[in-house]
Amino acid sequence: MLKSRPLWNQLHLSFDHFQPAELLTSSHCGISFTNVQTFFAFQLIFIDSASCICIIQLHQKSDKLSSKSEMDRILSVFLGVFVFVLLFSTAKTEDEGVVTALLAFMDKLDPGSAQIAPNWGWNASSDPCTSKWVGVTCDRDNKTVKKIVLEQLNLSGTLDVGSVCMVSNLLVLSLSFNNISGSLQPEISNCIRLTHLYLSGNRFSGNLPDSLTELPNVKRIVISNNGFAGELPDFSRITTLLTFFAQNNRFTGQIPGFNYRQLEDFNVANNDLSGPIPDDTGRFDANSFVGNQQLCGKELPVSCPLKKKKKHKLKLRDFLIYSGYVILGFIVVVLIALLLFKKKKQRDDDVKIDPSTKKSPESGHSSGSRNSRARSEFSITSVESGGVSSSMVVLSSPVVNGLRFEDLLKAPAELLGRGKHGSLYKVKPDGGVGLVVKRIKDWKISRDEFKKRMQKIDQIKHPNVLPLVAYYSSKQEKLLVYEYQQNGSLFGLLHGSQKSQMFDWGSRLSVASSIAAALAFMHQELQADLIPHGNIKSSNILLKNDMEPCLSEYGLMAIDHQDPDQTNNRTTITTFKVDVYAFGVILLELLTGKPVQDDGSGLVNWVSSVVKEEWTVEVFDKALIVEGASEERMVGLLQVALKCINASPELRPTMGQVVTIISSLKEEEEQSMTSSDP
Ligand SMILES: Nc1ncnc2c1ncn2[C@@H]1O[C@H](COP(=O)(O)OP(=O)(O)OP(=O)(O)O)[C@@H](O)[C@H]1O
């Protein structure tokens, strides 16, 4: 039976029949009201709103019993039966409504039932869900129609949008590769929950209705290979759209606005579109636009003509005015440049360019060409450090035997990044290995506490945690020295130029497993000292020479910056749950292949909303799907991630628990690999 959601509305209407009545309570599971005239209370209780059964309880009000009580009893029974019949009939009407709508839709789609066979189930005496009509998919409870997929069936009628959109929970409508003709009617906007509309490979014609852009949830619109014509409506209104395929139609006019930054797939090739390509992101190449004679842009061989400037004959007066503007502009530019220069000088006042580092052997650039993100060279010589070599503690590491603070300060340094918590320099002391120096300013931690913390962290070794090589502490700044890892980070592997390298499902699961194990170990060892990592993100997971992942910068951040509830009083448990949350975000990054922006909440919200809609497979990285990664194990890992990102720290698992689940997923994966080996 179909879910009877609108029944509720109708129920309220039916109460009007009993006016004057006083509504006593109203909830989703029951309603009661008193009929004042007959001194009766009815109680309608929904046993199961889905099957539309209700029980009507009739209560006589004892304090109001009168000589008319016998008469009233009869009346009450009559009223009860009446209400029951009324409700039952309205519920039935609702179910029948969807069945009727679907049959009307099919009637137009396949006139004369030329294609549909009797065993498809499409008839008025059966239920689309429980009788499993061909092409219809329902929700898990078999109550609501969610998808209609009727592809490659040679259907040659028209699309009755008015009828099909009466299926109020419809998410997917796919009618690709048939012979359907006619236009797409404006009532398409009634399909308010629709996320996927596939109409490609038919004979549709006419304009796309403006109302198509009113669909609030639509993600994929595929209308390619049809005869659609006219101008495309303004799709920039749809904020959810990920795919728009409209190639091989007869669309004219200019390409309208789209949220190009968000679109994953876009193609309007082979139409009659004209004018400039408005996509300034450059994410879609010529293939998305070719075959439109009058289209121009950097993606195509035809670049757009420059706008012709009107030629003016300059009179002397005009000349003087323009010269005035030019001089004024020049003065403003000089002033701004001076201001910027002053500001930059202030920012860099503690970073002096070491004249001895004119040229870095690695970069080959001169120190004059400084740029914060590009390769730039500084000496990390600190104003206050002034050669206080005794303040630097070099830990017992084979990597830097005999390293002196002076060597570090003198060495050419290249700025790798300026993060929220400090700057990172790559340094290569004479004859030594490459190092990185993290420079943290204004960390509100006493020298003793800092020293204790670093020594504690140094005592705990794990193969997947990058060891600290040396540290230095002064009032204003702390320096932390690590070995430089030339293979980059997990961030680079997932989203950077290295993306082209195959980062397959097995490797992703392996990274998740190694990092989880490292974190669980560190948490256990540092439990008494309450030192979490505090800043887990994919750029802090580095790849060692053997491509094994390792966590860097453990324990540098006293407070977390990813967890929304960082202001809460921290208990032993919640302190470490900050890392569990961040690890959950890493898992999402591995599963979706999408980068994390700012605090990660964007990715978390997106995944949560897709999963809620029961579109779980949508979240996975396309590369993983193409590779044929096990959906069962991807869902398993996603479930771990969702537990980790629980808004309530107490409800998040411990890293120990996370390790157990991921290890068993990894084991299953390995077993499946060996069993599928020839
Ligand atoms: N030991 C290392 N070897 C090689 N690259 C490193 C090393 N440590 C960090 N990096 C890389 O250097 C870049 C800058 O690191 P940095 O720690 O400054 O950035 P961040 O993580 O964004 O900042 P923050 O840690 O302050 O939030 C990152 O891409 C990071 O992956």
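Please read these numbers as outputs of a predicted model, since none were measured by experiment. (Residues numbered from 1 in each chain as written. Predicted model: local features only at pLDDT ≥ 70, side-chain atom pairs only at ≥ 80, totals over all residues.)

1. Regarding the site of the ligand
1) Next: Lining the immediate environment of the ligand, one finds 18 residues, of which G417, G419, H421, L424 and S489 sit closest.
2) Next: Considering every element that reaches the shell around the ligand, the biggest residue donor is strand β20 (residues 413–419), with 3 residues.
3) Next: Counted by class, the shell around the ligand contains 6 nonpolar, 10 polar and 2 charged residues. (Near = placed C-beta within 6 Å. Helix = DSSP H or I, 4+ residues; strand = E, 2+ residues; numbered from the N terminus. Nonpolar A, V, L, I, M, F, W, Y, C, P; charged D, E, K, R; others polar.)

2. Notes on the sheet that holds strand β16 (residues 272–276)
1) Next: Strand order in the open sheet made by the 6 strands is β8-β10-β12-β14-β16-β17, with parallel pairing throughout. Unpaired on one side and paired on the other, β8 (181–182) and β17 (294–296) mark the two borders of the sheet.
2) Next: Bridge count for β16 against β17 is 3 bridges, and the pairing is parallel. Bridge pairing in β17 places P276 opposite C296. (Pairing = 2+ DSSP bridges.)

3. Observations concerning unusual backbone geometry
1) Next: Even without a glycine there, the phi angle at N154 is positive, about 65°.
2) Next: A tally of 10 C-beta atoms within 10 Å means that N154 is categorised as exposed.
3) Next: In this structure, N270 is a non-glycine residue whose phi angle is positive, near 55°.
4) Next: Positionally, N270 belongs in the loop between β15 (265–267) and β16. (Buried ≥ 20, exposed ≤ 12 C-beta atoms within 10 Å, placed from the backbone.)

4. Structural notes on the sheet that holds strand β9 (residues 196–198)
1) Next: The sheet built from 7 strands is open, its strands ordered β5-β6-β7-β9-β11-β13-β15 with mixed pairing. Unpaired on one side and paired on the other, β5 (136–138) and β15 mark the two borders of the sheet. In this sheet, adjacent strand axes meet at a mean angle of 15° when their direction is disregarded.
2) Next: Where β9 lies against strand β11 (residues 220–222), 3 bridges are found, and the strand directions are parallel. Opposite L197, over in β11, you have I221 as the bridge partner. (Axes fitted to C-alpha atoms, helices over the stretch in contact; angles between N-to-C directions.)

5. As for the nonpolar core
1) Next: Counting residues in each nonpolar core, the largest one holds 80 residues, and the members touching the most others are A516, F583 and L587.
2) Next: No other element matches helix α9 (residues 572–592), which puts 12 residues into this core.
3) Next: Sequence-distant contacts of F583, defined by excluding residues within four places in its chain, comprise A516, L519, I536, C644 and V658.
4) Next: Counting residues in hydrophobic clusters, the runner-up holds 57 residues, among them W122, C129, L155 and L232. (Core = buried A, V, L, I, M, F, W, Y, C linked by C-beta atoms within 7 Å. Contact = placed C-beta atoms within 7 Å.)

6. Overview of the pairing of strand β10 (residues 203–206)
1) Next: As judged from the 2 bridges shared by β8 and β10, these two strands associate in the parallel manner. For S181, the partnering residue across the bridge sits in β10 and is R203.
2) Next: Note: β10 against strand β12 (residues 227–231), 2 bridges, orientation parallel. Bridging across to β12, S205 finds its partner in G227.

7. Quick notes on the environment of V610
1) Next: By the element assignment, V610 lies in helix α10 (residues 601–612).
2) Next: Once residues lying within four places of it in the same chain are set aside, the contact partners of V610 are W615, E618 and V619.

8. A word on helix α12 (residues 631–644)
1) Next: Compared with an ideal rise of 1.5 Å per residue, which puts 14 residues at 20 Å, α12 spans 20 Å between its outermost C-alpha atoms and is within 8% of the ideal.
2) Next: Within α12 the residues assigned to the buried category are M634, L637, V640, A641 and C644. An end-on view of α12 places all buried positions within 115° of arc, on one side of the element. (Expected span 1.5 Å × (residues − 1). Arc of directions from axis to C-beta.)

9. Description of the pairing of β20
Moving residue by residue along a regular strand, the side chains alternate between the two faces of the sheet.
1) Next: The pairing of β20 with strand β21 (residues 422–427) spans 6 bridges and is classified as antiparallel. If you follow R418 over to β21, its bridge partner there is S423.
2) Next: Joining the antiparallel neighbours β20 and β21 is a turn of 2 residues.

10. Re the confidence of the model for the protein chain
1) Next: Considering every residue of the protein chain, the mean pLDDT works out to 76; 73% of them sit at 70 or more.
2) Next: For the stretch residues 559–569, pLDDT sits under 50, and the model shows 17 contacts to residues farther than four places along the chain or on other chains.
3) Next: Quick note on the complex model: pTM equals 0.49, ipTM equals 0.97. (pLDDT = per-residue confidence, 0-100.)

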